[in-house]
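What follows is the residue order along each chain.
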Amino acid sequence: MCDVKKYSDIYKEIAKLNPKDTLQLVLESETEEEKDFYEMVGDFLLQRRQKEVVEMNLF
């Protein structure tokens, strides 16, 4: 069984990333798989922020 607390803490740290951070992670990735992962994380965070803006009727 996985350590849920550990992954919850990782999620909280990832959720704090801003677009510049995710870009840096993509650019400094050592493998294509790692690059793809950080691109997906960046896309997820962007979609979440877009959803918040739409819900606040700012768009």
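Look up: the structure comes first, before these words.
Thresholds applied
- Residues numbered from 1 in each chain as written.
- Predicted model: local features only at pLDDT ≥ 70, side-chain atom pairs only at ≥ 80, totals over all residues.
- Heavy atoms only, no water.
- Patch = residues over 30% accessible without salt bridge, like charges linked within 9 Å, V, L, I, M, F, W, Y side chains within 5 Å.
- Areas by Shrake-Rupley, 256 points an atom, 1.4 Å probe, with all protein chains shown as cover.
- Salt bridge = Lys/Arg side-chain N within 4 Å of Asp/Glu carboxyl O.
- Helix = DSSP H or I, 4+ residues; strand = E, 2+ residues; numbered from the N terminus.
- Buried < 20%, exposed > 50% of the residue type's maximum accessible area, 1.4 Å probe, protein only.
- Axes fitted to C-alpha atoms, helices over the stretch in contact; angles between N-to-C directions.
- Parallel < 35°, antiparallel > 145°, perpendicular 65-115°, else oblique.
- Left-handed = near helix turned anticlockwise from the far one by under 90°.
- Contact = heavy atoms within 4.5 Å.
- Nonpolar A, V, L, I, M, F, W, Y, C, P; charged D, E, K, R; others polar.

## Here we look at a nonpolar patch on the surface
So, step 1. Taken together, Val 53, Met 56 and Leu 58 make up a surface patch of nonpolar side chains, about 300 Å² in accessible area.
So, step 2. By secondary structure assignment, the location of Val 53 is in helix 3 (residues 32–55).
So, step 3. Val 53 sits in the partly exposed class, given a relative accessible area of 33%.

## Examining the packing of helix 2 (residues 19–27) against helix 3
So, step 1. Between helix 2 and helix 3, the least distance of the axes is 8 Å, while the angle of their chain directions is 165°. It follows from the interaxial angle that helix 2 and helix 3 lie roughly antiparallel. By crossing handedness, the relation of helix 2 to helix 3 is classed as left-handed. Note on element contacts: helix 3 touches helix 2 through Lys 35, Tyr 38, Glu 39, Gly 42, Leu 45 and Arg 49, opposite Pro 19, Thr 22, Leu 25 and Val 26.
So, step 2. Of the residues belonging to the contact of helix 2 with helix 3, the class tally is 5 nonpolar, 2 polar and 3 charged.

## So, the environment of Leu 46
So, step 1. Secondary-structure assignment places Leu 46 in helix 3.
So, step 2. Note: C-alpha distance between Leu 46 and Asn 18 (28 residues apart in sequence) is 9.0 Å.

## A short note on the pattern of salt bridges
So, step 1. The final tally for this structure, using the stated rule, is 2 salt bridges.
So, step 2. Here Asp 9 makes a salt bridge to Lys 5, at a shortest N to O gap of 2.9 Å. Residue Asp 9 and its partner Lys 5 are located together in helix 1 (residues 4–15), separated by 4 residues, close to a single helical turn.
So, step 3. The exposure class assigned to Lys 5 is exposed, which follows from its relative accessible area of 55%.
So, step 4. One salt bridge in this structure joins Glu 13 and Lys 16, with 3.1 Å as the shortest N-O distance.

Purely geometric stuff here, so don't read any function into it on its own.
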